[in-house]
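Descriptive analysis of the structure
What follows is the residue order along each chain.
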Amino acid sequence: MKQKVYKKKSLYKRIRHYLRIWRRIVKSGLKRSFFNKKVFVARLFRTAFVIGAQLLLLDVIFSGSGDYVGWTKPQTYLVLGIWNVVNYSCWSLFGINFNLLQDKVLSGSFDYTLLKPVSSWCLASFGDFFIHNLVNVLSGFVLIGYYIYMEWGSISIFNCIFLIFAILISIVICYFIFLFFASFIIAEPRTGTISISKELVGVTKYPIDIFGSSLSFVFYTFVPIGFITTVPANLLIGRTSYVYLLYGLFVTVLLGIISIGMWNRNLKKYCSMNS
Amino acid sequence: MQKEKIKKKTKRKSKNKVWRILRKEIVMFFSGESLYRKQILAWLIADIIKVVGLCFVWMSASKYTSDITRNYVVTYYILLMLISKLTTDRTIEFGIGNILSGRFSNLLIKPFNYLTEYLGINIGNNIFRTILFLPAFLVALFLVKKTNLWMFNIAGFSIVEILLIALSIVIGFLINFFIGNTVALIAIFVKEVDGIRVFYYNIFSMLSGEFIPFAFLPTIGQQVMIFLPFRYTLSFPIELIINSLSIQEMQFGFVLSLLWLAVCIVIYKIFYKISLTHYEAEGL
C-alpha cells in the first residue's frame, strides 16, 4: 500500500519536473524570438501568404460546384483551420527539434541529450521552442472561427468540447508519427525519414474522403492520419459520433507504444560520433 | 594577329577548364550521394506522397468541371514529378549554409567562379534524383496506362518538339538556379534565413503550378502566372509535353522565359556585387 502511494507521488513529481524543464525551454525560446524581430516580420508575411494561397486553392476547387466530395466550402475551411492549428503547433513544439536531430547526431551533441536525467525522446523532441510557427496557428483559429460563425445555429457546446479533445489527440498522433520516423535517424543518420512524416501530415490538409473508400480505410487504421483533421472536423459538424474520439484515443495509445518502442530499439543502435 | 590567336586560345582553355570543373563536381556529387541512397529514397517516397495527395485533390475537383479531365490531372502530376526532378535547384539548401559557416570565403578565392561549383552540384543532384526516380516513374506510367488515365503518346513527338521540351527544361532549371542563388545571398544580410527560405518555397510551389495546376486557375490567375518567372520552371515544360498550348502561346512562352532568364541573371549579378560589399566572412 505504502509502495503504491510512493509510486503515485513519484509520477506526479516527474510530470512536475518535466513541466518545469519545458517552461524554461519556452522562456529561452521566447527570448530568442524577441531578439530576431526581422524574422518575426518575415514569418508574419509568410503567414499572410500561406493563408492567401490556401484560400485561393479552395476557391479554385469550389469554382465548379458548391460541393467537394461531400464537403461544403465552410466545412473545408474548417478542415484547413484545424490543419493550421495542428500542423503549426507541431512545428512550434517539436517538429523543428526533430528536423535538427540529424545535425545533433552527426555532430555528436546528441550524447549530451542522452546524459541528461530526463527521457531521451522527450528531450530530443521538446528540447527547444519556436514561437514563430505559433503565429501561423492564429490563422487556423480564424478559419475555425469563421466556420462556427457561419454555422452558429447548428453547433452545440458538446461539439466544441469534442473538437478541443480531438485537436489534442491529433497533435499527439502527429507527435508519435514524427517520433516514429525520427527514431531511424538515431540508428542511421542521413536516412531522410523525417520528410516522410512531414508529407504524411501535409496530406491531411484536405478531407480524407478525397482518397476514396479503400485508401480512407488505411488512413483510419494502419496510418491513422484520418484522425488529424477529418475526424475533428466531422465531430464539430456533428457527422461523427463521439465513439470516434475514443477510437482515436485507442489509436493514439497504440501508436505511442509503437513509436516509443521503435525509438528505444533504434537508440540501442546509436553509436556516438564526432564528439 | 598573334595576340588575337593567344586570346582565342586562352578563351578555349578557360572554357575547357570550366567544363572539367563542372564534370568533376558532378562526379564528386554522385560518389558522395551514392553513400546516402536511403536518404534519397526517403525523399522520393515523401515526394510521391505529396504529389499523390495533390493528384487526388485535383482529380476530385475535376469531377465538377467540364474542361479538365481526370486523365489530364493524372498525366500532369506524373510529369510534374519527373520535370521537378530535372529543374530543381538546391542552392538555397547548401548556399545559405556556406555563407553562414564561412565556407563561402573559400569559394570566392578559388580561381574560377563559384557558380560553376554550384551548377555542378545541382546538375549532379538532378541527374541522380532523376535516375532514382525512373523506376517509380515507369511503374506509375504502366499503372496509369493500364487504367486508361494517360493522356498522350510519347512516340508521337517529332525531334523538333523533343528539342523544344528539352530547351524549356534547361531554361526552367537556369531560371530556378539564378533565383536560388539570389535568394541564398540574402544570408549575407540576414542570419536567420530559415523563414525566408520556407517563404520562397511556398511562393515557388504556389506559382510554379505544383500546388494548383495552370489549367485550373481562373483567367486572371493564368494571366498573372504567365508574366511571372515561376511558371517557366515547372508548369511550362509540362504544358509543352501534354501539348495543351497553341503555337502562339508556345512562342510567347519561350520568349518570356528567355527574357526572365536574362532578368534573373542581371538581378543576380547586381545583387552579388552589392552583397560582396557587405560580406564580412564571419563564421570561419
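Residues numbered from 1 in each chain as written. Chains lettered and ligands numbered in written order. Predicted model: local features only at pLDDT ≥ 70, side-chain atom pairs only at ≥ 80, totals over all residues.

1. Remarks on the overall build of chain A
In plain terms, the rule: Helical segments are the DSSP runs of H or I of at least four residues, strand segments are the runs of E of at least two, and each set is numbered from the N terminus. The globule rule used for comparison is 2.2 Å times the number of residues to the exponent 0.38, while the radius of gyration itself is calculated over C-alpha atoms.
Broken down by element type, chain A carries 11 helices and two strands. Along chain A, from the amino end to the carboxyl end, the secondary structure elements read α-α-β-β-α-α-α-α-α-α-α-α-α. The globule rule puts the C-alpha radius of gyration for 275 residues at 19 Å, and the 20 Å found for chain A is close to it. Along the first, second and third principal axes, the C-alpha atoms of chain A reach 60 × 55 × 35 Å.

2. Considering the interface of chain A and chain B
It is common to give the size of an interface as the accessible area lost on bringing the parts into contact. Note the following rule: Here the contact rule is simple: place C-beta atoms from the backbone, and any two residues whose C-beta atoms are within 7 Å are in contact. When residue character is reported, Ala, Val, Leu, Ile, Met, Phe, Trp, Tyr, Cys and Pro are called nonpolar, Asp, Glu, Lys and Arg charged, and the others, Gly included, polar.
Across the contact, 33 residues belong to chain A and 30 residues belong to chain B. Listed by contribution, the elements that provide at least two residues to the side of chain A that touches chain B are α2 (37-61) and α8 (194-203) of chain A. For the side of chain A that touches chain B, the element with the most residues is α2 of chain A, which contributes 12 residues. Looking at the side of chain A that touches chain B residue by residue, the classes come out as 17 nonpolar, 10 polar and six charged.

3. Structural notes on the nonpolar core
Let me state the cut-off plainly: What we call a nonpolar core is a set of buried Ala, Val, Leu, Ile, Met, Phe, Trp, Tyr and Cys residues whose membership is set by joining through C-beta atoms within 7 Å. Put simply, a residue is buried when 20 or more other C-beta atoms lie within 10 Å of its own C-beta and exposed when 12 or fewer do; between those, it is partly exposed, and each C-beta is set from the backbone.
Membership of the largest hydrophobic core comes to 128 residues, with the highest contact counts inside it found for Leu78, Ile82, Cys174, Ile177 and Phe178 of chain A together with Tyr77 of chain B. Aside from chain neighbours lying at most four places away, what touches Ile177 of chain A is Ser197, Leu200 and Val201 of chain A. Grouped together as the second largest cluster of nonpolar side chains are five residues, Phe204, Leu207, Met225 and Phe230 of chain B included.

4. Describing the environment of Lys8 of chain B
Residue and element names in this part refer to chain B. For Lys8, the location among the structural elements is in helix α1 (residues 2-33). Take Lys8: there are 10 C-beta atoms within 10 Å of it, and that puts it in the exposed class. For the pair Lys8 and Thr233, spaced 225 residues apart in sequence, the C-alpha separation works out to 35 Å.

Don't take any of this as a statement about function, it's just geometry.
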